[in-house]
Every structure is written in C-alpha cells, then in structure tokens.
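# Fold and geometry: a report
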Amino acid sequence: MLYSEEQIDDAVADVLLATQRMRTSAFGLLLYVYLQIMKLMFAFDSVGKQMEIFLLKPQVAMHIRMLVCYHHTNSGKNASDYPCPGVPPRRSFILQPCSSDNLGHGTVKFIGLNTKASILMMPPLDAGEKFGEIYDVVLILDDREHFTRSKNGSRSKKFMESIETEFKIQIEVRRLEVGDGLWIAKHKYTGSEYVLDFIVERKHVDDLFSSIKDSRYRDQKLRLTGCGLQRLIYIVEGDPNSHEAGETIKTACFTTEILEGFDVQRTSGLGDTLRKYGYLTHAITNYYGAHITNDEMRNTRICPSYKDFLKKCQDIDKMTVSDVFAVQLMQVSQVTEEIALSVLELYPTLLSLARAYSLLLSLSGINSSFDFLWKCCYQSKYVPAISELPIHPRTHVNLARETMKELVEAMMFVLSSQFWRMAVLWTFSIIFSYLQLWWKSQSFPRLSPNIKTESDGRLQRPVCVITGATSGLGAAAAYALSREGFYVVLAGRSTHLLSEMVKEIKQRHPDAHLKAIQVDIASFQSMLRFKRSLELWLLGSDMHPSVQLLINNAGMLATSYRFTAEGYEQMMGTNYIGTFLLANLLLPLLKNSYVPSRIVNVTSFTHRCVSSIQLDEETLTGKYCSNPKQYQCAQVYEHSKLYLLLFSYELHRQLNRVDKSNQVSIMAADPGVVETNIMKEIPSYLSLLSLKVLKLLGLLQDPDYGVHSIIDAALAPLETSGKYFFGGRGRTIRSSVVSYDTKLSEELWTISSKLFLQLKLEFKEDSS
Ligand SMILES: NC(=O)c1ccc[n+]([C@@H]2O[C@H](COP(=O)([O-])OP(=O)(O)OC[C@H]3O[C@@H](n4cnc5c(N)ncnc54)[C@H](OP(=O)(O)O)[C@@H]3O)[C@@H](O)[C@H]2O)c1
C-alpha cells in the first residue's frame, strides 16, 4: 500500500496526538488494544466474518448506543478533527440524548427527524389549543411488571387501581420494548397518542445487584438511552444499605445518576414505587400543562407517535461497522467506554487502526509488524514507550514551526498596548485594592447555611448554582460550598469536564451533594434549557422548587474578536451579558426560596482601570468594532467586570426598594489574582512569565485560597447585600468610584433589560 509523505506525516502526528490527549501511557494501551484485536481476529481477511458474528448479537447494539451517546455528550468533539490517513472520514453517528439533565448538546436525530437536543419534545397543538384541553396524560406500565399481571399479583393490581383513584390518573398496561413505564399524551378527540419525553426503569435492589453482575443493568440503560426520550428515570426499590452488596449498588446508582445523567429515585418498596409513579404523573401533567403554548411549538420537537416510538425501540439493535468496532474494543480487558471512544475518534474502524499501526511500526524501523505484534502479546517489553518512538523529521520541522509561531505571537502581544495595560495598570489596581484592605475595610462573619430537617427526617439542603464550575475558582467554590452542606449544581460548558469535576469533588468529599447541568452562558437558548433542566430536576427530586444561592462565576479573558450565538462580542457576551441574562432568568427561582436567597457576582479588581464609560447598546454588545485585528481585550475585560458591579449594585437597590428584608441579596466578590485557566488565550510564554512575576510579588494565590472572598460573600449576613468582598476573612472594601454611579447603572440596566426582553420574545420564553 503506497502512502504519500504527507499521509505518513499525518499518521504519526495522529497517533502522537492521540496518546497526548489520553495522557496515560496511551500509546502502549493503543497498541495493546490492537494486539488483543489481532488475537481475536487473526488476520484482516477474517474481519468480515467476525463482524457478521458480532452483528448477530443483539445486545451489542446497546453498548454502542451508550458509547456514542456518552462520547458525544461528553466530548463535544468532531471525529473529523482527527483524520486518518487513507481512510474515508468517519460517518456521523445517530446520536441519542442520554441525560436527564441536559448534559447532551448538539443536534440529535429522532426517528429520522433532525432535531435539537435537550428541549423537551411536545405533542402537536393547533393554533389556540391548550395542552390540558386537548390531551390526557396516561401512564403506561409494562405488562411484564409483576404488579401489572393479574394472575400472580392480584393484590398488587388492586394497589395499582387504588393509586389510579388516589391520584386521579389514568394507567394502562401494555407491552413496552424499552423501560418499565412511560407517559403518553392521548388526544381527547382523535385518540392519537404521543410519547412524552420521560421514561422509567424500575428495579428492586436484589434484581439490581444481579443485573449488575450479569451486565443486564448496563444493557437496560443502553436501551433507555437509545430510545430517544430525554428524561431517563431510574427507580431503585428497597434499601441498598441493608443489602450485602450495598456499596456496589450505591456506586452503580451514583454512576447512573452523576455520570450518565439519569434521575435515580429511591423508593422503599412496591407501594412507594406506585405512589412515585403517581407523583411523577402529576408533575409531568403540570409541566406540559404549564409550559406548552402553541407559540412555543415552533421551537420544540414533536413527540413521536406511540407507534413510531415502538418501531424505534425495535430498531435499537441495528448497528454499523464502527459500532461493532467499539464493542470489540470493549471486549478487551481494561478498555473502558471512554478509551474505546478515544480510539474510535481517531480510528473509526478496525482496519483504519490497523493501517495506522503498520505505518507507525514501519516508521519505527520494525519491519515485520506481525512478528512484532505477536511478540508484544506475550512480552510487554516490546511495547515501545512514546518517548522511544522515533519522530519523523517532518514532525520535528512542524514542532519547530509551532514553537516559532508561539514566540512570534508572544512578541506581538508584548508589543501591543494591551500587554502593557495588563502588566502595569492591572498590577496597580490590585495593589490599590490591597492598600484599601489595610486602610479601610469592614469585616463580616460567615454564617452557616440553613439546612432544614423535614417532618419525614429528610434534610432540605439549600441549592447553590455555580456557573463555570469546571475550572479554577468555580471548581474551588463548588468544593467549598459542598463542604458547607449545599446541594451544589455545577453548571459548565463541557459535559465531560462537568463529570470529571463531580468525580473529583466526590473523591475529596464523598458526602458531597452534586448535580451537573450543562450550560453555555454565551447562548440564551442554552440558558433557557438550563433553567428548564434545573426546574425539572428540583421537581423530580422532591426538593423545594427554588434556588438559594447563585454564584455567577463563569468568565473569560478572550484575546480575539469573536461572537456569541446571539451575535454579541464573546467576552462581553459571556462575562456581563450572559451573567445578567442568567441572573434574570433564575431570579424567580431565587425569589421563590423558603429562606433568604442570594446572588454572588464574581468580578475583578481590573474594573478600577475604567475611569469613564460611554454606554449604548452597540458598545455594550460590541457588535461594531472599528478594527477587529486590534481587539482591545484588556479594556473589554475591565468593562465587563465594571458592568457586573454596576449591575450588582443596581439589582441590590431595586430589590431593596421593593423588599427591605433582603429576601434576595446581591454581593460582588473579587478573588484577587489567582492561578487558574483564565489566561489560557494569552501566549503561553507570557502567561508563564506573568505568573512567575506575580508570584515573586506575592500577589498570586491558588484557587482554594482565592475563593475565600466568594465564599465570604456567599455566607455573609444579609445586611452585606450590595457590598464588594475582597481579600478573604469576610472583608469588604469599596470598589471604584464609577461603579457606584447610579445614573450609569440605571442606563446599563435599561439597555441590558431591553436585550433580555428581545431575547425572551425571540425564544418565546415563558416568563413565569
Ligand atoms: N483568576 C483570576 O485571577 C481572576 C481574578 C479576578 C476575577 N476572576 C474571575 O473569576 C471567574 C472565574 O475565572 P477563573 O479564574 O476560575 O478562570 P477559569 O479557570 O478559566 O474558569 C472560568 C470558568 O468559566 C467557564 N466559562 C467560560 N465561558 C463560559 C460560557 N460561555 N459558559 C459557561 N461557562 C463558561 C469556563 O468553562 P470552560 O472550562 O468550558 O472554558 C471555566 O469553567 C471569572 O469570572 C474571572 O473573570 C478571576
């Protein structure tokens, strides 16, 4: 097989790239995977036959659905970013949303329709029609559930009927291909049936344990994720604590809930489960009744008809060559779904992996790759470490080119006014803030959060939403607040980073109560989805439908001019506009709190560099830029942080005007200079250098320390609403003079509110 020099170059780069991305000794692992497959397959020409055998196994398709879904919801990466030499580009998978909390994103195909993920599907409505007037919600239970079978479960059947009467709901028993229960919207006049976006799998702890042992547990979850419905509910009956394999069961539940995005609900037994079905039916009926208007239908997907849904479930088992390859990879011991997907991302088929390896091995100077591979099967010393691999001369040239490019970028940045503004003005601003600490600061104690004990003994934990919780200060705040007893909702752009962060916090603090929900605060639509997911999660978890603390932490320091989904300049759109919009979207939930609630806006000392502002919609949104190549990133960042302060003080004044008791208090928090990823867009040589200098000056803090001002603000007494927290130990100082300009803050409020209303109209958000 002949390859061009470029293709060979690309192949080496691909494998190097893959091993770097996987961090572990992934080269060895990739090789190991390959070897194992070779062992399975013996030779390439038998691949076809092997695949046929795999195709016959229906349950393998389930693995694939889960893999594909897991991969796409977690990585957000496109396989075509990593082309494989001599191999056609990977076909696009049919994605299925796997999460009940909107961890999925991007486009999703459901029964042949191209649709947007994470927005709940709605049954069709004509103009002027209301859901409640047209549809009945009917709970469908699988006829194989033992309480639905009359011959050996007449007592249970009676119980089911009593639930029907008690909750005034309709229950029908039918054969379900997937899940144990789901809900349909039945048209009152035509009788047509549409499957609503919720599905339940029920398991008693005993059954759960045996299904974990024999892999049925995973297969059932895969079937659920593959069925196309978004809200996946797992009901676990019985007490895992009193089970001999309690830890295994709890770990499985944890993985199912936190990492795979199911809503895991626990019930004490069959009766409790049926009652749970009753409550869920009410919640779903209320949700659809309250949220669907005909106008909203334009932005949402239509629920599949019951017939289409059944067909879709029957089709779940069909799979493709890439699907088969993923399953094969997972047959190899130690190859997890994540590893299999990473391999698949680069090499969509076994053949493409094999080709890349033969190339790599020939480049390593090993002539007989098969000899080598077979030796490797038994003698691991033959597996070359990545550092031992000879790098192709062209790759050396590329590396040198990259280094040169970075150096030139760094030089250009040093020559720009932005660099000097950051280096000089920002340093002065932080020093000024520290001087204020010493000169005139006020200190406030931290109060413990209000954790209520319900009449049934359950703890009602305050809910805290933290944006940008996947890195730096947001991650540190999530950990610190989970330790304080909050139920922390981690909100971030990347589902993969979110699940990593949940794992990390759980490792440090196993009792932490965490929920991960995906959101991009540079997209209004994503924020709407976030709000809906949050509401649904609160509703489904028997929690008070409110939020007690919102920490607006997400932020960025962009160095190039680009736009958000709504066409605003990216940095302003994220740091200020996105924060303003999210705070306003979530305000009803904060106002609904059973205890005083709070918003903490994370701002920065850099706001002090702004001495005057000219405010209008165009400047705020940054839609117009005279010279995009000379993007004034430092100024935009400073302005965005000043706007956050103006917004915080204005909201404080407005809320204080209507309610003196500070039911919702607003604090600003400035963490100082913290070593995080905030400088990731600054040329790496410069960011390293500046960190060194800041450390020498004694100004640099680590996130666990820098987060103190945010936690102070979150736990300070009510009367500190409208204050600026800086320096930790509960201390507040004054922000810049401009930030207290009430006229300016009113103007900013008016412009920002106009944007908010425009977007709400555009996206037809239910203002309730
Ligand atoms: N570090 C400092 O010295 C310092 C000083 C003063 C103020 N601050 C402020 O502190 C806050 C946290 O920053 P950091 O220092 O911890 O930086 P960081 O490590 O870069 O964290 C920023 C977080 O915000 C998230 N984020 C960015 N854009 C987002 C979007 N459109 N939607 C959702 N999440 C988004 C990031 O997610 P991704 O990982 O997906 O990008 C990341 O999780 C920022 O508001 C920053 O301005 C930082």
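Look up: the structure comes first, before these words.
Note that the structure is a prediction, hence the values are computed from the model and not measured. (Residues numbered from 1 in each chain as written. Predicted model: local features only at pLDDT ≥ 70, side-chain atom pairs only at ≥ 80, totals over all residues. Heavy atoms only, no water.)

## Side note on the overall build of the chain
Our working rule: In this description a helix means any DSSP run of H or I spanning at least four residues, a strand means any run of E spanning at least two, and both kinds are numbered starting from the N terminus. Residue exposure (1.4 Å probe, protein chains only): buried if accessible area is under 20% of the type maximum, exposed if over 50%, otherwise partly exposed. Residues are treated as being in contact if the distance between any of their heavy atoms lies within 4.5 Å. For every accessible area listed, the method is Shrake-Rupley and the probe measures 1.4 Å; residues are considered covered only by the protein chains on display.
When its secondary structure is counted, the chain shows 27 helices and 21 strands. Of all 768 residues assigned to the chain, the portion counted as buried reaches 56%. Put simply, of all contacts in the chain between residues at least 6 apart along the chain, 79% involve residues at least 24 apart. Working note: accessible area of the chain is about 33,600 Å², and carbon and sulfur atoms make up 54% of it.

## A short note on the environment of P445
Checked against the element boundaries, P445 lands in the loop between strand 9 (442-443) and strand 10 (452-453). In sequence terms P445 and P717 are 272 residues apart; their C-alpha atoms lie 7.3 Å from each other. Setting aside chain neighbours within four positions, we find P445 in contact with L715, A716 and P717.

## Let's talk about the environment of A714
One can find A714 in helix 26 (residues 708-715). It is 9.7 Å that separates the C-alpha atoms of A714 and A477, two residues lying 237 residues apart in sequence.

## Comments concerning the packing of aromatic side chains
Cut-off, in case you're wondering: When two rings of Phe, Tyr or Trp (its six-membered ring) have centres within 6.5 Å they constitute a pair, described as stacked for plane angles under 30 degrees, edge-to-face for angles over 60, and tilted for the intermediate range. For a Lys NZ or an Arg CZ to count as sitting over a ring, it must be within 6 Å of the ring centre and within 35 degrees of the ring normal.
Counted according to the given criterion, the structure contains 24 aromatic pairs. Centre to centre, the rings of Y287 and Y288 are 5.3 Å apart; their planes meet at 90 degrees, and the pair counts as edge-to-face. For Y288, a relative accessible area of 0% gives the class buried. Taken together, the ring pairs in this structure connect F131, Y135, Y194, F198, Y287 and Y288 into an aromatic cluster. The residue whose ring lies beneath R174 is Y306, and the NZ or CZ to ring-centre distance is 4.7 Å. The ring of Y479 carries R508 above its face, with NZ or CZ at 3.6 Å from the centroid.

## Some thoughts on the pattern of salt bridges
Filter applied, for reference: A carboxyl oxygen of Asp or Glu within 4 Å of a side-chain nitrogen of Lys or Arg is what we treat as a salt bridge.
According to the stated counting rule, one finds 21 salt bridges in the structure shown. For E638, the salt bridge goes to R421, with nearest N and O atoms at 2.8 Å. Here the residue E638 occupies a position in helix 23 (residues 633-658), and R421 occupies one in helix 17 (residues 417-439), the gap between them amounting to 217 residues. The exposure classification of E638 matches that of R421, with both residues buried. Each of the salt bridges in this network shares a partner with another, and the network as a whole consists of E172, R174, K186 and E193.

## With respect to the side chain of E566
How we decide: Counting rule for charge: Lys and Arg are taken as positive, Asp and Glu as negative, and neither His nor the chain ends is counted. The term polar contact refers here to a pair of N or O atoms within 3.5 Å; inside protein, the definition further demands a hydrogen-donor-capable atom paired with an acceptor-capable atom, and it admits residues adjacent in sequence only when both atoms are side-chain atoms.
Mapped onto the elements of the fold, E566 is located in the loop between strand 15 (549-552) and helix 21 (570-591). It turns out E566 is buried and unbridged, and the closest side chain with the opposite charge, R529, is 9.6 Å from it. Within polar-contact distance, the side chain of E566 engages the backbone nitrogen of F524 at 3.0 Å. Once residues within four sequence positions are removed from consideration, E566 is found in contact with A522, S523, F524, Q525, K623, L759 and F763.

## Some details on unusual backbone geometry
Outside of glycine, negative phi angles account for most residues, and trans bonds account for most peptide bonds. In this structure, K168 is a non-glycine residue whose phi angle is positive, near 50 degrees. Turning to its location among the elements, K168 is positioned in the loop between helix 6 (154-167) and strand 4 (170-174). On the accessibility criterion, K168 (73% relative accessible area) is exposed. In this structure, D542 takes a positive phi of about 60 degrees despite not being glycine. Mapped onto the elements, D542 comes out in the loop between helix 20 (524-540) and strand 15. Among the residues examined, D542 registers a relative accessible area of 45% and is labelled partly exposed.

## Details of empty space enclosed by the protein
What counts is decided by this rule: For each structure, a 1 Å grid was placed over the protein atoms alone; sets of points admitting a 1.4 Å probe that cannot get out are labelled cavities, open sets with protein on both sides within 12 Å along at least five of seven lines are labelled pockets, and lining residues have an atom within 4 Å of a point. Grid points are joined across faces, edges and corners, and a volume is the space filled by probe spheres set on the points. Put simply, Ala, Val, Leu, Ile, Met, Phe, Trp, Tyr, Cys and Pro go in the nonpolar bin, Asp, Glu, Lys and Arg in the charged bin, and everything else, Gly too, in the polar bin. Where each domain begins and ends is defined by an automated method or by a domain database.
Per the counting criterion, the structure on display carries 4 cavities of 30 Å³ or more. The volume enclosed by the largest cavity comes to roughly 140 Å³. Lining the largest cavity are 13 residues; nearest its centre among them are F198, D263, L280, L536 and G540. Counting residues per element, the ones that place at least two in the lining of the largest cavity are strand 7 (231-237), strand 8 (263-267), helix 10 (270-291) and helix 20. Per-element accounting of the lining of the largest cavity gives the leading share, 4 residues, to helix 20. Of the residues belonging to the lining of the largest cavity, the class tally is 8 nonpolar, 3 polar and 2 charged. When residues of the lining of the largest cavity are assigned to domains, at least three fall in each of domain 2 (131-316) and domain 4 (437-761).

## Details of the packing of helix 20 against helix 27 (residues 742-763)
Selection rule: In this analysis an axis means a line fitted to C-alpha atoms, helices contributing only their contacting stretch, and an angle means the value between N-to-C directions, from 0 to 180 degrees. Roughly parallel means an angle under 35 degrees; roughly antiparallel means over 145; roughly perpendicular covers 65 to 115; every other angle is labelled oblique.
Packing of helix 20 against helix 27 brings their axes to within 11 Å, and their N-to-C directions diverge by 75 degrees. As far as their axial angle goes, helix 27 and helix 20 are roughly perpendicular. The residues of helix 27 that touch helix 20, namely those facing F524, Q525 and L528, are F756, L759, K760 and F763. Across the contact of helix 20 with helix 27, the residue classes break down as 5 nonpolar, 1 polar and 1 charged.

## Considerations on the site of the ligand
Worth spelling out the cut-off: Note on terminology: near, applied to a residue and a molecule or strand, indicates that one of the residue's heavy atoms is within 4 Å of it.
Looking at the ligand, there are 28 residues lining it, with S471, R493, N553, Y637 and T676 nearest. In this structure, G555 approaches the ligand through a main-chain N or O atom, which is 3.4 Å from an oxygen atom. In the environment of the ligand, an oxygen atom lies 2.6 Å from a nitrogen or oxygen atom belonging to the side chain of T676. If you list the elements that add at least two residues to the shell around the ligand, you get helix 18 (472-483), helix 23 and strand 18 (673-674). Grouping the constituent residues of the shell around the ligand by class yields 12 nonpolar, 12 polar and 4 charged.

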